[in-house]
Amino acid sequence: MCNTHLTERGDKETVENGDLMMPKFDRDGLIVAVVTDVASGEVLMVGYMNAEALKRTIETGEAWYWSRSRQSFWKKGETSGQIQTVHEILTDCDQDALVLKVSVAGNGATCHVGYRSCFYRKTIKGDDGSVRLERVETERVYDPDEVYGKG
């Protein structure tokens, strides 16, 4: 599908200090992608890409991922309208993780359960040692049951 070419892994010096994209995919052929809002820096989601998803993202300027559960490609927002336009892709020093800076179309939500970010809860440690979750986003952007006709 894509004409984009990634470079094979090189030596440590080239990977860490060179100017070639040489992503290190894990044993399943995936690389983690942390997705942030281009304007605010807010973390929106974490996804995984294989080489083809990364190439599609670079070529189209829209975020593509590899679904580990469905074992297939998915373009974020293809059915919901919440397309992620990629403004910048960063890689870490050893090129085994990515950060995508995106803007989100449609209603601006990223999370499939209706919140702006998939990270809508934080952990709270109780006096008894228990750990629970507390919402940091109290309002959903949309009700996915209404949008997708579930329920």
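Residues numbered from 1 in each chain as written. Predicted model: local features only at pLDDT ≥ 70, side-chain atom pairs only at ≥ 80, totals over all residues. Heavy atoms only, no water.

Engineer: Break down the overall build of the protein for me, with residues and values.
Structural biologist: Assigned secondary structure in the protein consists of three helices and eight strands. The helix and strand sequence of the protein, counted from the amino end, reads α-β-β-α-β-β-β-β-β-β-α. Taken along the three principal axes of its C-alpha coordinates, the protein extends 50 × 40 × 30 Å. Buried positions account for 32% of the 151 residues belonging to the protein. In the protein, the proportion of contacts linking residues at least 24 apart, taken out of those at least 6 apart, comes to 44%. Of the accessible surface of the protein, which amounts to about 9,100 Å², a share of 47% is contributed by carbon and sulfur atoms. Where the 19 positive side-chain charges of the protein centre and where its 25 negative ones centre are 5 Å apart. (Helix = DSSP H or I, 4+ residues; strand = E, 2+ residues; numbered from the N terminus. Buried < 20%, exposed > 50% of the residue type's maximum accessible area, 1.4 Å probe, protein only. Contact = heavy atoms within 4.5 Å. Areas by Shrake-Rupley, 256 points an atom, 1.4 Å probe, with all protein chains shown as cover. Lys, Arg positive; Asp, Glu negative; His and termini not counted. Charge placed at Lys NZ, Arg CZ, Asp CG, Glu CD.)

Engineer: Go over the UniProt feature "domain: Phosphoribosyl-AMP cyclohydrolase" (unreviewed entry) in the protein with me, naming the residues and quoting the values.
Structural biologist: The UniProt record marks residues 45-120 with the feature "domain: Phosphoribosyl-AMP cyclohydrolase" (unreviewed entry), using the residue numbering of this structure. Annotated as residues 45-120, this span is 13% helix and 38% strand, and its ends, taken at the C-alpha atoms, are 10 Å apart. (UniProt positions renumbered as here; feature names shortened; annotations may be inferred.)

Engineer: Please provide a residue-by-residue account of unusual backbone geometry, values included.
Structural biologist: One non-glycine residue with positive phi stands out, namely glutamine 71, at about 55 degrees. Examined against the element boundaries, glutamine 71 turns out to sit in the loop between strand S3 (64-67) and strand S4 (72-75). Judged by relative accessible area, glutamine 71 falls into the exposed class, the value being 52%. Even without glycine at this site, glutamine 95 takes up a positive phi of about 60 degrees. When you line up the elements, glutamine 95 lands in the loop between strand S5 (84-91) and strand S6 (97-104).

Engineer: Tell me what's going on with the sheet that holds S5, and back it up with residues and numbers.
Structural biologist: Taken in spatial order, the four strands make up an open sheet running S2-S1-S6-S5, and their pairing is mixed. Where the open sheet ends on each side, the last strands, each with one partner, are strand S2 (43-49) and S5. Adjacent strand axes in the sheet meet at a mean angle of 30 degrees when their direction is disregarded. In this structure, S5 lies alongside S6, joined through seven bridges in antiparallel fashion. The residue of S6 that forms the bridge with isoleucine 89 is leucine 100. Each of S2, S5 and S6 is contacted by helix H2 (residues 51-60), which is oriented at about 125 degrees to S2, the strand it contacts most. (Pairing = 2+ DSSP bridges. Axes fitted to C-alpha atoms, helices over the stretch in contact; angles between N-to-C directions.)

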